[in-house]
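Listed here are the chains, written in short residue letters.
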Amino acid sequence: METDRTPMLEIVDLHVRAGDREILNGLNLTIGAGEVHAIMGPNGSGKSTLAQVLAGRDGYDITRGQVTFLGQDILDLAPEERAQAGIFLAFQYPIEIPGVNNAYLLKAALNAQRKARGEPELDAFEFMRLIKDNMAQMQIHKDFLSRSVNTGFSGGEKKRNEILQMLTLQPRLALLDETDSGLDVDALKIVANGINSLRNPERSMILVTHYERLLELVEPDFVHVLAGGRIVKSGDRTLARELDERGYDWVQQEVQSA
Amino acid sequence: MSTEQDDVADLVQRKYQHGFVTDIDEDRVPPGLDEDVIRLISAKKREPEFLTEWRLKAYRHWLTMAEPTWAHVRYSPIDYQAISYYAAPKSNADAPQSLDEVDPKLLETYDKLGIPLHERARLAGVAVDAVFDSVSVATTFKEKLAEAGVIFCSFSEAAQNHPELVQRYLGSVVPYRDNFFAALNSAVFSDGSFVYVPPGVRCPMELSTYFRINAANTGQFERTLVVADAGSHVSYLEGCTAPMRDENQLHAAVVELVALEDAEIKYSTVQNWYPGDEEGRGGIYNFVTKRGDCRGANSKISWTQVETGSAITWKYPSCVLRGENSVGEFYSVAVANNYQQADTGTKMIHIGRNSRSTIISKGISAGHAQNAYRGLVRIMPTADDARNYTQCDSLLLGSECGAHTFPYIESRNRSARIEHEATTSKISEDQLFYCRQRGLAEEDAVNMIVNGFCREVFKELPMEFAVEAQNLLNVSLEGAVG
């Protein structure tokens, strides 16, 4: 049963290997409903791995630990089952699928999720009505729907497409993997507006990012520093600013001396 | 990643949905082939003498030929004396004039295949010349076609009612000497379709034939001839399924297309012969010769095919671009799963000035299948400014299958422009994960990606056929994840 006390997501002592390399090394993180957490950290610290593992990407060995989403253990669930349960990953590098148009993928995805929840599937008209406003919000032109998924898109278009999908699928937990990278200022604003419009007490978010600039626009409730496969420092909004000014070295030194 | 590989093995398995046998009395010639059998077939069909003679010449020539071995396929030797060369549903000794006269069991068979014939004909405005085993049993929309002057009938009828047309065009594109299987077909062909579109006529509807192999151990030898006279236009659809069988069945069809000046023929095939079981036993051997002759200036022939069936496919729908400014097109999706073997492609022979051809080939391999594309582009010295564009893409599902490309390019004219692009790819883990992360089940994700891969070909198919082709593809690859 989901109660006020049940966290949206609870990660306990998570150890993850890829091949011979240990990437996550005893990671703990609890995210309550309605919270936005930013995860920052140097390159190779395991930020993207965390997002991928939560979404159920194959190719990682989970050697220890537990992940529960709304009270349910999800580590044995297939990626689509996690998606249907309400976990959404905005990809750092959205994938191109030649010949499959955007509208088709998104409608099929939405209907697969609705079906899994026991809701009726939407027909083409209902679907168009639903995404029209989302497209306007993301400033996406309507001919975009008939183009192949991410094929020949600019970096900014790909990222806006991710947020369009998120707006349409209305997840409970959104994992945004470096959604700000490769965006110019205008695109960043559009993307940030999209993200902010989804914030509500029933929905949580994890923003994986290198830079502070997204966090100026999407204010996190918590900021964590990931280094060496675990969270080494947590704080509020001000921590991001400090990291932006001072880099990560001081955090790592602090951890080593502690 | 390793788990996904393991899934391939289990998931590729599925039973052929159209595997059943209709129980109908047959009028069958005993197995074996000699001149008497050929005379018997010809007599049963009340053929004019020139045709009997032509069959015999073909037979005598066939005796001098050896079975080809160059294709990238393997199978045990075929015993041509063990095959029965003629079978006709007995209850229809005189072919019925309407659907009401058709054996209800036959109609039931079509229903099982999801082809409600009368419905389909009425709703879709499609004229259907359905071939069941060797004799045509239902022909619809004849009147409407007759009004336009279009002749669309079984080959046997054509031989009786339009002998001059048959004599003029039969073997003019694929002579009986062409190859081993074409010679065999010419000697023993049982039935097929005949189309003649008179000058300047645009055929008022898509012409469609559904046929299937039904009698055990009966080789089926279809013969199709489509002639588009000057300035005419016709679109022909061919689709087939076959019931499950334990023994391999030989299918050696010949299709000849003739396009005269300014004429256009569009020939679409969705093919779903029984491919054999998971071990590759019992599937259809499909050795087909298909060729179109762009005989007149500005003529155009377009082949579109979606191949998902057969244990072995050996098939190269080709265009001879004789006319000035003539155009040849080949759009193909070939799927091979389990132990299927496909060696398929096309030939574009450029003879006329400024002739152009386009080849788009999409090969999909899954399971233990071997899928080969073999394509010839030949530019003759007379073909000034000829152009060809070839795009040949292969998609692999799993790691036990193979894709092979054998392009042959022969240019004997310096003004020719020939482009060839080829890619081989696997469905990427990234693509699958992306779709699944959005909530799609693995199989739906594979179907979506594969259909996307084939889109350039599917969009060439007539609308309803395109939907059917997609469904067929989904069924053929159910669970084949790589």
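Because the structure is a prediction, the values reported are computed rather than measured.

Further remarks concern the overall build of chain A. Along its length, chain A carries 9 helices and 12 strands. For 258 residues, the compact-globule estimate of 2.2 N^0.38 gives 18 Å, and the C-alpha radius of gyration of chain A, at 18 Å, lies within 12% of that figure. Seen through its principal axes, chain A has C-alpha atoms that stretch 60 × 40 × 40 Å. By the burial criterion, 53% of the 258 residues in chain A qualify as buried. Across chain A, the fraction of contacts at a sequence separation of at least 24, relative to all contacts at a separation of at least 6, is 68%.

On to empty space enclosed by the protein. All names here are of chain B. Under the criterion given, the structure shown has 5 cavities of 30 Å³ or more. Of the volumes computed, that of the second largest cavity is approximately 90 Å³. The wall of the second largest cavity is formed by 14 residues, among which Ser361, Gly363, Asn371, Ala372 and Tyr373 lie closest to the centre. The set of elements that each furnish at least two residues to the lining of the second largest cavity consists of strand E17 (327-336), strand E18 (341-350), strand E19 (356-366), strand E20 (370-379) and strand E22 (402-411). A per-class count over the lining of the second largest cavity returns 5 nonpolar, 8 polar and 1 charged.

To continue, consider the nonpolar core. Across soluble globular proteins, nonpolar side chains have a tendency to be buried as a group. Residue and element names in this part refer to chain B. Residues Ile364 and Val450 are the most contacted members of the largest nonpolar core, which totals 67 residues. Broken down by element, this core gets its largest block of residues, 6 residues, from helix H11 (residues 442-453). For Val450, the contacting residues outside a window of four places in its chain are Ile364, Leu395, Leu397, Ile427, Leu473 and Leu477. Core analysis: the second largest hydrophobic core is formed by 54 residues, Tyr176, Leu184, Leu260 and Tyr316 among them.

Turning next to the pattern of salt bridges. One pass over the structure, following the stated rule, counts 34 salt bridges over all chains. The salt bridge partner of Glu216(A) is Arg237(A), with a shortest N-O separation of 3.5 Å. One end of the pair, Glu216(A), is in helix H7 (residues 213-217); the other, Arg237(A), is in helix H8 (residues 237-246), with 21 residues separating them in the sequence. For Glu216(A), a relative accessible area of 41% corresponds to the partly exposed category. Residue Asp191(B) pairs with Lys45(B) through a salt bridge whose shortest N-O separation is 3.8 Å.

Take the sheet that holds strand E5 (residues 72-73) of chain A next. Residue and element names in this part refer to chain A. The 4 strands are arranged E2-E1-E4-E5 in an open sheet whose pairing can be described as antiparallel. Of all strands in the sheet, those bounded by a partner on one side alone are strand E2 (21-31) and E5. Sheet topology places strand E4 (residues 61-69) next to E5; 2 bridges connect them, and they run antiparallel. From the neighbouring strand, Thr68 faces E5, where its bridge partner is Asp73.

Residue and element names in this part refer to chain A. Structurally, Gly247 is set in the loop between H8 and helix H9 (249-257). Overall, Gly247 belongs to the partly exposed group, its relative accessible area being 24%. Once the C-alpha coordinates of Gly247 and Gly41 are considered, the two residues, 206 residues apart in sequence, prove to be 9.2 Å apart.

Before going further, it helps to spend a moment on the packing of aromatic side chains. The relation between two aromatic rings is expressed through the spacing of the ring centres and the mutual angle of the planes. Residue and element names in this part refer to chain B. As enumerated under the stated definition, the model contains 24 aromatic pairs over all chains in all. Between the aromatic rings of Phe155 and Phe189, the centroid separation amounts to 5.1 Å while the plane-to-plane angle is 75°, which identifies the pairing as edge-to-face. Of this pair, Phe155 sits in helix H7 (residues 155-161) while Phe189 sits in the loop between helix H9 (180-188) and strand E6 (193-197), and the two are 34 residues apart along the sequence. Here the two residues Phe155 and Phe189 agree in accessibility, since each one is buried. Looking at Arg55, its charged tip hangs above the ring of Phe189, at a distance of 4.0 Å from the centre. Cation over ring: Arg374 sits above Phe406, and NZ or CZ is 4.6 Å from the ring centre.

What follows deals with the sheet that holds strand E12 (residues 230-235) of chain A. Residues and elements named next belong to chain A. Taken together, the 6 strands give an open sheet; going across it, the order is E6-E9-E10-E3-E11-E12, and neighbouring strands pair in mixed fashion. The open sheet has two edge strands with one neighbour each: strand E6 (87-90) and E12. Each strand axis lies, on average, 20° off the axis of its neighbour in the sheet, ignoring direction. For strand E3 (residues 36-40) and strand E10 (residues 204-208), the ladder comprises 4 bridges, and the chain directions are parallel. From the neighbouring strand, Ile39 faces E10, where its bridge partner is Val208. Each of E3, E6, strand E9 (173-177), E10 and strand E11 (222-227) is contacted by helix H1 (residues 47-55), which is oriented at about 145° to E9, the strand it contacts most. Packed on one face of the sheet, helix H5 (residues 155-169) meets E6 and E9 and runs near 165° to E6.

This part takes up the layout of surface pockets. Gaps left between atoms are located by rolling a probe of water-molecule size over the structure's atoms. Counted as a void, the largest pocket has a volume near 780 Å³. Taken together, 31 residues form the lining of the largest pocket, with Tyr104(A), Asn447(B), Met448(B), Asn451(B) and Gln470(B) sitting closest to its centre. Counting only elements with at least two residues in the lining of the largest pocket, the list comes to strand E7 (97-101) and helix H3 (102-116) of chain A together with H11, helix H12 (455-458) and helix H13 (463-476) of chain B. Looking at the lining of the largest pocket, its residues break down into 14 nonpolar, 12 polar and 5 charged.

Turning to the confidence of the model for chain B, a few remarks are in order. Note that predicted coordinates carrying low pLDDT should not be read in detail. Averaged over chain B, the pLDDT score is 80; the fraction of residues at 70 or greater is 76%. Here residues 90-96 of chain B is modelled with pLDDT under 50, and outside its nearest four sequence neighbours on either side it reaches 13 contacts, counting other chains as well.

Next up on the list: unusual backbone geometry. A negative phi angle is the norm for most residues apart from glycine, just as the trans form is the norm for most peptide bonds. The phi angle at Gln170(A) is positive, at roughly 50°, despite the residue not being glycine. Structurally, Gln170(A) can be placed in the loop between H5 and E9. In the Ramachandran plot, Asn298(B) falls in the positive-phi region, its phi being about 60° despite a non-glycine side chain. Locating Asn298(B) in the fold gives a position in the loop between strand E13 (284-294) and strand E14 (300-307).

Parameters at a glance
- Residues numbered from 1 in each chain as written.
- Chains lettered and ligands numbered in written order.
- Predicted model: local features only at pLDDT ≥ 70, side-chain atom pairs only at ≥ 80, totals over all residues.
- Heavy atoms only, no water.
- Helix = DSSP H or I, 4+ residues; strand = E, 2+ residues; numbered from the N terminus.
- Rg over C-alpha atoms; globule rule 2.2 N^0.38 Å.
- Buried < 20%, exposed > 50% of the residue type's maximum accessible area, 1.4 Å probe, protein only.
- Contact = heavy atoms within 4.5 Å.
- 1 Å grid on protein atoms, 1.4 Å probe; cavity = no way out; pocket = protein on both sides within 12 Å on 5 of 7 lines; lining within 4 Å.
- Points joined across faces, edges and corners; volume = space filled by probe spheres on them.
- Nonpolar A, V, L, I, M, F, W, Y, C, P; charged D, E, K, R; others polar.
- Core = buried A, V, L, I, M, F, W, Y, C linked by side-chain atoms within 4.5 Å.
- Salt bridge = Lys/Arg side-chain N within 4 Å of Asp/Glu carboxyl O.
- Pairing = 2+ DSSP bridges.
- Phe/Tyr/Trp six-rings, centres within 6.5 Å; stacked < 30°, edge-to-face > 60°.
- Lys NZ or Arg CZ within 6 Å of the ring centre and 35° of its normal.
- Axes fitted to C-alpha atoms, helices over the stretch in contact; angles between N-to-C directions.
- pLDDT = per-residue confidence, 0-100.

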